[in-house]
Amino acid sequence: MTSAPQVQVKVARLQTHAQFEAVLQQSVSISNFYFVLHHGASKLSTEPQQEKLQSVDNLFFQGSRLGLIIPKRWAKRAVTRSLVKRQCRAQFALAAANLPAGDWIIRLRRSLDSGQWNSASSPALKQHVRQEIQHLLAQAQQRWSKEHSYPSEQVLIKGASC
């Protein structure tokens, strides 16, 4: 049996040092054991015009952009860093609709190169990273929904007779 084809959603990315710095300086962060999630408002209007013209995606950007900081210090093997980046992008693409628009950075903050995984790209490591990112993004969704809930929405939810 063949599995169903997977649809890949492309996530807009933070690309320059200045973009990363802007998010890290103004950011609100949420963390778990392995990762930190930073969020900041997009500042496309303050970026130099040349930089906007270099990327066609930036000209039509209205949603969220993702930046990843996966240092060699915490993931020694390139295979592991690539696995973490793929999982971060995939989980962010699934959760982006439920998160506020803006710039997001996911940063690895602890070592993933421990003896508990068979290889640098084992299915167990992939599942563990996926669960950690899902948990982190779920925390962000909860935090954002609490900070930005409106009284009319609360009334509708309380008065629902489902």
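Above this text you will find the structure in question.
Residues numbered from 1 in each chain as written. Predicted model: local features only at pLDDT ≥ 70, side-chain atom pairs only at ≥ 80, totals over all residues. Heavy atoms only, no water.

Student: Explain the side chain of S122 to me, using residue names and the numbers behind them.
Tutor: Tracing the chain through its elements places S122 in the loop between β5 (102-108) and α5 (123-147). The residues contacting S122, other than those within four sequence positions of it, are L83 and W117. (Helix = DSSP H or I, 4+ residues; strand = E, 2+ residues; numbered from the N terminus. Contact = heavy atoms within 4.5 Å.)

Student: Could you give me a rundown of the environment of H38, with the residues and numbers involved?
Tutor: Mapped onto the elements, H38 comes out in strand β3 (residues 35-40). Sequence separation between H38 and L24 is 14 residues, and the spatial gap between their C-alpha atoms is 6.8 Å.

Student: Break down the pattern of salt bridges for me, citing the residues and quoting the values.
Tutor: Going through the model one piece at a time under the given rule, you end up with one salt bridge. Among the ionic pairs, R65 bridges to D103, the shortest N-O distance being 2.9 Å. With R65 in strand β4 (residues 64-69) and D103 in strand β5, this pair connects stretches of sequence that are 38 residues apart. (Salt bridge = Lys/Arg side-chain N within 4 Å of Asp/Glu carboxyl O.)

Student: Residue-level account of the pairing of β5, with values.
Tutor: Counting buried positions along β5 yields six of seven residues, so the element is predominantly enclosed. The pairing of β3 with β5 spans six bridges and is antiparallel. When the bridges of β5 are listed, H38 appears paired with I105. Taken together, β4, helix α4 (residues 78-95) and β5 form a β-α-β motif whose crossover is left-handed. (Buried < 20%, exposed > 50% of the residue type's maximum accessible area, 1.4 Å probe, protein only. Pairing = 2+ DSSP bridges. Right-handed = clockwise from strand over helix to strand, strands pointing away.)

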